[in-house]
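# Examination of the molecular architecture
So the chains spell out like this:
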Amino acid sequence: ALAGLMLLIGGTLTYAAEGTLPGDVLYPFKVAIAEPVRGFLAIGLEAEARWNVRQAVRRMQEVEKLVVDGTLDLVKELQVKNLLKKHVQDLAKTLGDLRKQNGLSAGDSVALKFQGQMNGHAKVLDVIKSEEKASKQSFSTVDIAEVARQSARDIQPKVPAKDTETKASDRV
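Residues numbered from 1 in each chain as written. Predicted model: local features only at pLDDT ≥ 70, side-chain atom pairs only at ≥ 80, totals over all residues. Heavy atoms only, no water.

## A look at the overall build of the protein
Counting secondary structure elements, the protein contains six helices and zero strands. Along the chain direction, N to C, the helices and strands of the protein fall in the order α-α-α-α-α-α. Among the 172 residues that make up the protein, the fraction classed as buried is 38%. The contacts of the protein with a sequence gap of at least 6 include a subset with a gap of at least 24, amounting to 70%. Carbon and sulfur atoms form 60% of the exposed surface of the protein, whose accessible area is close to 10500 Å². (Helix = DSSP H or I, 4+ residues; strand = E, 2+ residues; numbered from the N terminus. Buried < 20%, exposed > 50% of the residue type's maximum accessible area, 1.4 Å probe, protein only. Contact = heavy atoms within 4.5 Å. Areas by Shrake-Rupley, 256 points an atom, 1.4 Å probe, with all protein chains shown as cover.)

Written out as C-alpha cells, the structure reads:
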C-alpha cells in the first residue's frame, strides 16, 4: 500500500513538473529526479544518446519560452546553461561508448540530429534577440545561442574517411 502511494505521488509530481520552467517550484524536481528516472528507462546506448539530445532540446525550448515571456534572468540562464553543458557532456560520453561498442559511425544519426536541433534553436534565439534589439528591450547577458552553437560543434559525427584507393581485387 505504501509503495502504491509513493508511486502515485511520484507520478503526480512528475506529471505536474513536466511543463515547468527554470524558476518554477517543481523545476528542480523535474531536472534532478523526473528526467534522470526517465533516462534510466532508456534501454541501450543509442536510446540513451537520443534522450541526451531530447534533454538538451528541452533546455533550449525552455530558454526560448522564458525569453519570449520576458522572464529570463541571469540566474535562470546560468542554470539552463549549466544543464545544457551537462547534457552535452553526457551525450559525448554516450556517443563515445556507442562508437567503442559498434564502430565509428555508430550514433552519427543522433549526432547529426543534435547538431541540427542546436543550430536551429540558436537561430530562433538570434531572431528573438534581433527583434528585442529593434524594440530596445534587453536580452540576457549570457549568450545561450552561442552555447548551443558550440555544443553542436563539439558533437560531431565520426564518419570514417573514404578509402580513395581501389584494391586490386576490386578492379574489373
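## Thoughts on the packing of helix α2 (residues 27–40) against helix α3 (residues 45–69)
Look at α2 against α3: their axes get within 11 Å of each other, and the N-to-C directions meet at 160°. Considered as vectors, α2 and α3 are oriented roughly antiparallel to each other. As α2 packs across α3, the resulting crossing turns out to be right-handed. Across from Y27, K30, V31, E35, R38 and G39 in α2, the residues of α3 making contact are W51, Q55, R58, R59 and E62. Grouping the constituent residues of the contact of α2 with α3 by class yields three nonpolar, two polar and six charged. (Axes fitted to C-alpha atoms, helices over the stretch in contact; angles between N-to-C directions. Parallel < 35°, antiparallel > 145°, perpendicular 65-115°, else oblique. Left-handed = near helix turned anticlockwise from the far one by under 90°. Nonpolar A, V, L, I, M, F, W, Y, C, P; charged D, E, K, R; others polar.)

## Looking at a nonpolar patch on the surface
Taken together, the side chains of I33, V37, F40 and L41 make up a nonpolar region of the molecular surface, amounting to roughly 450 Å² of accessible area. The topology assignment puts F40 in helix α2. (Patch = residues over 30% accessible without salt bridge, like charges linked within 9 Å, V, L, I, M, F, W, Y side chains within 5 Å. Salt bridge = Lys/Arg side-chain N within 4 Å of Asp/Glu carboxyl O.)

## Digging into the pattern of salt bridges
Counting across every chain of the model gives 13 salt bridges. Between R149 and E146 there is a salt bridge whose closest N-O contact spans 3.7 Å. In this pair, R149 and E146 are both assigned in helix α6 (residues 144–154), three residues apart and thus about one turn of the helix distant. We classify E146 as partly exposed; its relative accessible area is 36%.

## Side note on the layout of surface pockets
One way to see where empty space is left: roll a probe the size of a water molecule over the atoms. Its boundaries defined by the atoms lining it, the second largest pocket holds a volume of some 170 Å³. Surrounding the second largest pocket, 13 residues form its lining, P36, Q55, K86, H87 and D90 being those nearest its centre. Where the lining of the second largest pocket is concerned, the elements lending two or more residues are α2, α3 and α4 (74–102). Sort the elements by how many residues they give to the lining of the second largest pocket and α2 lands first, with five residues. Grouping the amino acids of the lining of the second largest pocket by side-chain chemistry returns five nonpolar, three polar and five charged. (1 Å grid on protein atoms, 1.4 Å probe; cavity = no way out; pocket = protein on both sides within 12 Å on 5 of 7 lines; lining within 4 Å. Points joined across faces, edges and corners; volume = space filled by probe spheres on them.)

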